Amino acid sequence: MKRHLDLRVPGAVALLLAAAGLAWHGQPDIAQKWDLLAPEFTQQLTEREVYIDPGELLQLMNNDYIDLLIFDVRNESDWNQFHLVDAEHINLAELPAQRDRLLSLPENAVLVVVSNDEMLATEAWQHLMVIARPNAYILAGGLNLWLNIYGVPEEEVAGHGKANLARPDGTLRHRFTLSLGNRHAAARPDEHRTAPRAYTAKVKLLKKIVKAGGCS
Amino acid sequence: MKAIAEKLKYWNPYVGGVLLGVLLFLSFLVTSHGLGASGGVNRVAVAVEDLVIPEHIDKTPYIASMAGGDRNPLDHWIVWEVAGILLGGFVSGMLRGRVKLQTYHGPQISAHSRWGYAFVGGMLMGYGARLARGCTSSQALSGGAVLSVGSWAFMFAVFAGGYGLAWFVRRLWQPEA
Amino acid sequence: MAPFDIAVNLGAGAYYFIYLPIGFAFGFILESSGFGDSRQLAAQFYFRELRVLKVMFTAIIVAMTLIFWSTALGLLDYDMIWVNPTYLWPGIAGGLIMGVGFILGGYCPGTSLVSVATLKIDGMFFLLGLVAGVVLFGETVSYIDAFWHSSDMGTFTLPELLHLETGVVVFLVVCLALVMFIGFEWLRGRLYGSSR
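Residues numbered from 1 in each chain as written. Chains lettered and ligands numbered in written order. Predicted model: local features only at pLDDT ≥ 70, side-chain atom pairs only at ≥ 80, totals over all residues.

Draft legend 1. Layout of the overall build of chain A. Across its full length, chain A carries seven helices and five strands. When the helices and strands of chain A are placed in sequence order, the string is α-α-β-α-β-α-β-α-β-α-β-α. Taken over the C-alpha trace, chain A has a radius of gyration of 23 Å; the compact-globule value for 216 residues is 17 Å, which it surpasses by more than 25%. Dimensions of chain A, computed from C-alpha atoms along their principal axes, come out at roughly 90 × 35 × 30 Å. A burial count over chain A gives 32% of its 216 residues as buried. Restricting to contacts in chain A with at least 6 residues of sequence separation, those with at least 24 account for 72%. (Helix = DSSP H or I, 4+ residues; strand = E, 2+ residues; numbered from the N terminus. Rg over C-alpha atoms; globule rule 2.2 N^0.38 Å. Buried ≥ 20, exposed ≤ 12 C-beta atoms within 10 Å, placed from the backbone. Contact = placed C-beta atoms within 7 Å.)

Draft legend 2. View of helix H4 (residues 51-72) of chain C. All names here are of chain C. Taking 1.5 Å per residue as the helical rise, H4 with its 22 residues ought to reach 32 Å, and the 31 Å between its terminal C-alpha atoms agrees with that figure. A large share of H4 lies buried, amounting to 19 of its 22 residues. Gly-74 occupies a position one or two residues after H4 and carries a positive phi of about 80°. (Expected span 1.5 Å × (residues − 1).)

Draft legend 3. Structural detail: the interface of chain B and chain C. Listed per partner, the contact involves 112 residues of chain B and 111 residues of chain C. The set of elements that each furnish at least two residues to the side of chain B that touches chain C consists of helix H1 (2-8), helix H2 (13-31), helix H3 (38-52), helix H5 (61-67), helix H6 (77-95), helix H7 (111-131), helix H8 (136-145) and helix H9 (149-166) of chain B. For the side of chain B that touches chain C, a count of residues per class yields 67 nonpolar, 37 polar and eight charged. (Nonpolar A, V, L, I, M, F, W, Y, C, P; charged D, E, K, R; others polar.)

Draft legend 4. Inspection of the environment of Asp-53 of chain A at higher detail. All names here are of chain A. Residue position: Asp-53 is located in the loop between strand E1 (51-52) and helix H3 (54-61). On the basis of neighbour count, Asp-53 is assigned to the partly exposed category, with 19 C-beta atoms found within 10 Å. Excluding residues within four positions of it along the chain, Asp-53 makes contact with Ala-140, Arg-197 and Tyr-199.

Draft legend 5. Structural view of unusual backbone geometry. Residue and element names in this part refer to chain B. Within the chain, Arg-133 stands out as a residue other than glycine whose phi angle is a positive 60°. Tracing the backbone shows Arg-133 in the loop between H7 and H8. Residue Arg-133 is classed as buried on the basis of its C-beta count, with 25 C-beta atoms lying within 10 Å.

Draft legend 6. How the structure looks around the nonpolar core. Core analysis: the biggest nonpolar cluster contains 121 residues, and Leu-24 of chain B together with Ala-63 and Ile-67 of chain C have the highest contact counts within it. Leaving out residues up to four positions away in the same chain, Leu-24 of chain B has contacts with Gly-34, Leu-35, Leu-141, Ser-142 and Ala-145 of chain B together with Ala-59 and Ala-63 of chain C. Judged by nonpolar contacts, the second largest core, of 40 residues, contains Leu-57, Leu-69, Ile-138 and Ala-186 of chain A. (Core = buried A, V, L, I, M, F, W, Y, C linked by C-beta atoms within 7 Å.)

Right, dumping it as C-alpha cells:
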C-alpha cells in the first residue's frame, strides 16, 4: 500500500495541475482556430480550388443527385433586392449555430456560399471550415458576376446592366426596379435559354467511411 | 476481494485506468471517435437475423437502417473493434493463465443460478444499451471524456440503478454475513 | 490537425490496421484489470472493490485532459470529434435499466466480451442475454418511438450546460473524481475495516 501511495499522490497532483493549466490556457476561438488550420485551407483559396464558376452553380441547381445548400451571407436589404432560389439567408454571426446540421449532412451534400463579390463569402467559408469542415465552395465573382451573366436587363434600372468587377467593394452593383427577392428571372436561370459556359468543374463529392461514432 | 485480486495478479486499477485513458485519447485522435462494444454485438445479431429472416429486417425500420436491402451490418468499424476486444481479452487471459472454462459466482448461490441471473442481466443490459444509444464503453467512457451531458446523466443513472438494487440482491454476490 | 480521417485514406484496411488493434488493446487492458471477473465488477456496488470506479473515472479524466490539451494546443480539432448527442430521458431510462442489469448480470457489454474470451460460462450466458435484449429492443422500439426520440438536445456539453469555460469544467471534473476516489476509499475502510 505504501508503494501505491507513492504514485497516487503525485499522479493526482499532476492531473490537477494539468486540469488547472487547461482552465488557465483556454480553448481556441474561431479566429485562433483559423490561424491553426490556415495552412491547410489557405492553399485551397489561393489556388482557387474552391471558387466555382456561375455556370457550375447553375449545373448544381439542376442536378437532382446533389443535395445543394446555398448560404447567402449578405445583408438584409441586398437579400430583399435579389437572392437565388433556395438560398438561405445566414449571416456570419449565425454560422456557429449551423454546426450540428453541417456535421450531419449526407454524403451528396454540396454547400455554396454566396455574397455580392467574393470577400464576404470567403470569410464565411473560412468560418465554416473551422466550425464543421463541410464540402463547401464559394461562388466566384459573387452575385455581381452572376447577374452580369444571367441578369435580365429589363428588370434592372437602366444603365446598370453590367456591374464592374474590376474593383469589388462588396456592394451589390445591380439595381433593381423592384425588390423581388428570388422572384427575378435570374434567381433560377433557365439553362435552356442561356448560353452554356465553359469552366473547370471544381465540386467533388467526399466519401466518408466513418460517418459517426458511438455504439450503433 | 483483495485476496482474490492479489492471487490473480490483476493490475493496479489506477494503472489500468491511465492506460485506458491514453487508449481512449488515441482513439479520438486517430479515428475521431471513442470506443464502443454493444453496437458491435448488436450488428452481429442483426447479421445473423439477416441470414435467417431477411424479409423481416426490411420491414423493421430500426434494423433496416443497418441491414436492409443489401447493406452489410458487419461493414462497420465497431464490429472490428469487438473482434479485437475478444482477441485482446483472450491473449491477456492466456498470458496469465486465466483462460479456464468456469463460472464466476458469489459464494451464496450456485453456478446454475448464476447462469440464469447472467442471462437476465444481459437482457436488461442489451435493451438498456440500445435505449440509451450506447453502453458504458461508448456513452460513459467516450461520451464522458468529451463532456457530453447525456453521457454523464447516463453514467449516473447506471450507478444509481446498480447501487439502488444492490442491497436487495446481495445474496447473489456477498459472502455469508 | 487531428483527427486525420485515416479511414478514408486506408479504405477497408482501416478496419484491420486501426480498429482491430484498438479493440485488442481495449480487451487486453480490461482483462488485465480484472474486468473479466463478474465478482470484481459486482463488488463495486457493495463498496468492497473499487476497481470499476477507479478504472473508469481515471480513464475518463486522463482522456479528457489529454483531449482538451490537444484541442487547446491546436493538435486536435474538437469540432471534428464525435460527441454523443444528448437524448436526456431515453439515456437516463436506459442507464437505470443497465444499472439493474449490471448488478444482476455482473457485467457490462464490453467486459462480457472479455469474460467470454477467457471462457467464463456466466459471461457467455450474459452475452446471449445481451443479444436477446438487443433483438427485443429492435422489435419493440416502434412502440416507444415517441419516447425514444424525445428530449433530443443535440450535441450538448457540460460547459454549455453550466455556462463555464471548458477548462474550468475539466478541472472541476478532475476534482470531483479525486474527491470520489478518496471518499470511496474512506467508506470502504469504514465498512470493512482497513484490510490493507
